[in-house]
Amino acid sequence: LLDIVTIILVYLLKSFAGSPVSVPDPTVKLPSSTAQLVPEEASTITITETKIVVNDKAVAEINDGTVDPNDKRDGPQGFFITPLYDALVDAADNEKKIAQYNPAQTFKGIAILIADKRIPYRLISEVMYTAGQAEFGSFKFAVIKKE
């Protein structure tokens, strides 16, 4: 009986073990790559054609490939997106609190960037700049693996 329970437990663990990266919006079209790295757990920043999402929570709206100038600290030409910064500071604080109680989970300042391939480079630069200001200085880009 113990063997059966063990087999069921292993099956369930393998069934529920998934990728740490999930694309919350089915309309997002990721770029393709020949990358072989396996994604790791980190805070995710998703940029769709209509919004910026941090860890499955929408933080800023996008219209015609730009963020509303009212959401930027320095106006329309600025790179600093205030609501994104606030959400990322909260995510960093959360990861640091987890690291206090679990030495295996350290805060590395890594963010996974899930960006639609149609997003303008300027917007990606703004998101990366803002994330850098919130202590996320390393980025991993989510892509679709080419076969």
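In the block above lies the structure referred to throughout.
Starting from 1, residues in each chain are numbered consecutively following that chain's sequence as written. Note on the predicted model: pLDDT of at least 70 is required for a residue's local features to be given, and 80 or more for side-chain atom pairs to be given and counted; whole-chain, interface and lining totals, by contrast, use all residues. In computing side-chain properties, one takes all heavy atoms of the structure into account and sets aside hydrogens as well as water.

Draft legend 1. Region of the structure containing the pairing of strand β4 (residues 57–63). We treat two strands as partners when DSSP finds at least two bridges between them. Under the DSSP-based scheme used, a helix requires at least four consecutive residues in state H or I and a strand at least two consecutive residues in state E, with every element numbered from the N terminus. Sheet analysis places strand β3 (residues 51–54) next to β4, joined by 4 bridges and oriented antiparallel. Bridge assignment links V54 to a residue of β4, and that residue is K57. Here β3 folds back onto β4 in antiparallel fashion, the turn holding 2 residues, of which N55 has a positive phi close to 50°. Connecting β4 to the antiparallel partner strand β5 (residues 66–67) that follows it, the hairpin turn spans 2 residues, and D64 within it adopts a positive phi of roughly 55°.

Draft legend 2. Representation of the sheet that holds strand β7 (residues 138–141) in the model. The mixed open sheet is built from 6 strands, whose spatial order is β5-β4-β3-β2-β6-β7. Of all strands in the sheet, those bounded by a partner on one side alone are β5 and β7. Pairing of strand β6 (residues 110–115) with β7, which is carried by 4 bridges, proceeds in the parallel orientation. Paired with L113 across the strands is F141, a residue of β7.

Draft legend 3. The arrangement of unusual backbone geometry in detail. Positive phi, close to 50°, is recorded for N55, a residue that is not glycine. Mapped onto the fold, N55 is located in the loop between β3 and β4. The phi dihedral of D56 is positive, around 70°, even though this residue is not glycine. Here D56 lies in the loop between β3 and β4. A simple rule labels every residue: compare its accessible area, found with a 1.4 Å probe on the protein chains alone, to the largest value its type can have, and call it buried under 20%, exposed over 50%, or partly exposed in between. Residue D56 is classed as exposed on the basis of its relative accessible area, which comes to 58%.

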